[in-house]
Amino acid sequence: MQLFYHTHKEAGTDEAGRGCLAGPVTAAAVILPENFKNELLTDSKQLTEKQRLILRTVIEQQAVAFAVAHVFPVEIDELNILRASILAMHRALEQLSQTPDFIAVDGNKFVKYGTIPHACIVKGDAKIQTIAAASVLAKTYRDAYMERIADEYPMYQWKKNKGYPTVEHRRAIQEYGITPYHRKSFQLLPVQMKLEF
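Throughout what follows, the structure given in this document is the object of discussion. Residue positions are given per chain, counted from 1 along the sequence in the order it is written. Given that this is a predicted model, residues contribute local features only at a pLDDT of at least 70 and side-chain atom pairs are listed and counted only at 80 or more, while totals for whole chains, interfaces and linings are drawn from all residues. As a rule here, side-chain values come from all non-hydrogen atoms in the structure, and water together with hydrogens is ignored.

**Examining the overall build of the chain**
- The secondary structure listing takes helices from DSSP runs of H or I that are at least 4 residues long and strands from runs of E that are at least 2 residues long, numbered from the N terminus. From N to C terminus, the chain includes 6 helices and 5 strands.
- For a compact globule the rule gives 2.2 Å times the number of residues to the power 0.38, and the radius of gyration it is set against comes from C-alpha atoms. For 197 residues, the compact-globule estimate of 2.2 N^0.38 gives 16 Å, and the C-alpha radius of gyration of the chain, at 17 Å, lies within 12% of that figure.
- Think of it in three bands: with a 1.4 Å probe and only protein chains considered, a residue is buried below 20% of the maximum accessible area for its type, exposed above 50%, and partly exposed in between. Taking all 197 residues of the chain together, the buried fraction comes to 51%.
- Looking at the chain alone, contacts between residues at least 24 apart form 64% of all its contacts between residues at least 6 apart.
- Each charge class in the chain can be summarised by its mean position, and for the 24 positive and 22 negative side chains these summaries are 3 Å apart. In this description, contact between two residues means that some pair of their heavy atoms is separated by no more than 4.5 Å. Only four residue types enter the tally: Lys and Arg on the positive side, Asp and Glu on the negative side; His and the chain ends are excluded. Just so you know, the charge point we use is NZ for Lys, CZ for Arg, CG for Asp and CD for Glu.

Put into structure tokens, the structure is as follows:
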């Protein structure tokens, strides 16, 4: 796995939580040193939680620059999830302590960020090291956020499902209704299950 564009200031960006019913969509942007190598680094979805947390520490210690940004349900509901995901990436890029000269984006949709050239790479988190690093940070920061708010609403089991649409999560929505952390614009329950707002 290597840089997509041969520059020491390539920022990779990726998001986590797009398919969730609750919580933010979280994006990270990472610039790695040119000589960065880590055999474990790949798409965060292919790693265990323990591996992700080990890599998070490595990335934070060795990255030239990194930043993480959340976009919360109120904005997701206003914008739609795709636009909210891109906004989260832009916010992460804005917070970098150094300005990249190229942006490698996971997926196939992005809105130009300033005048910086970019490329969208489908499954980039398994191919490009800066994107893989961003995927690890986005996932671990989002998971940590969901674990914090889980104590407020233990019935939804967010420590376990992180806001994704599991059977248990949907059953809890059916039984208890929704919280301020739920995305109202999403189909929170399958059509056959009725939800009273």
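Now that the structure has been shown, we can carry on.
**Brief notes about helix H3 (residues 81-95)**
- A helix is expected to span 1.5 Å multiplied by its residue count minus one. Spanning 15 residues, H3 covers 21 Å between terminal C-alpha atoms, matching the ideal 21 Å at 1.5 Å per step.
- If you check which residues of H3 are buried, you get Ile81, Ala84, Ser85, Ile86, Ala88, Met89, His90, Ala92 and Leu93.
- Summarising the contacts, the buried residues of H3 are in contact with strand E1 (10-16), strand E2 (25-31), strand E3 (65-71), helix H2 (73-79) and strand E4 (102-106).

**A word on the sheet that holds E4**
- Spatially, 5 strands are ordered E3-E2-E1-E4-E5 in an open sheet, and the strand pairing comes out mixed. Looking at strand neighbours, the two that pair on one side only are E3 and strand E5 (118-121), the edges of this open sheet. Looking at each pair of strands side by side, their axes are set apart by 20° on average, direction ignored.
- For helices, the fitted line uses only the C-alpha atoms of the stretch in contact; every axis is such a line through C-alpha atoms, and the angle between N-to-C directions lies from 0 to 180 degrees. Packed onto the sheet, H3 meets E1, E2, E3 and E4 and runs at close to 145° relative to E3. For two strands to count as paired, DSSP must find a minimum of two bridges between them.

**Quick word on the nonpolar core**
- In this structure, Ile76, Leu93, Leu96, Phe110 and Trp158 are the most contacted members of the largest nonpolar core, which totals 37 residues.
- At 7 residues, the largest contribution of residues to this core is made by H3.
- In these notes, a set of buried Ala, Val, Leu, Ile, Met, Phe, Trp, Tyr and Cys residues joined through side-chain atoms within 4.5 Å is what counts as a nonpolar core. With 18 residues, the next largest nonpolar core counts Ala28, Leu32, Ala133 and Ala138 among its residues.

**Remarks on the pattern of salt bridges**
- Throughout this description, the term salt bridge denotes a Lys or Arg side-chain nitrogen within 4 Å of a carboxyl oxygen of Asp or Glu. Scanning the model with the defined rule gives 7 salt bridges in all.
- One salt bridge in this structure joins aspartate 125 and lysine 45, with 3.2 Å as the shortest N-O distance. One end of the pair, aspartate 125, is in the loop between E5 and helix H4 (129-150); the other, lysine 45, is in the loop between E2 and helix H1 (49-62), with 80 residues separating them in the sequence.
- Here lysine 45 falls in the exposed class, since its relative accessible area comes to 63%.
- Members of the salt-bridge network, linked through shared partners, are Asp43, Lys45 and Asp125.

Spatial relationships are all this shows, so hold off on functional conclusions.
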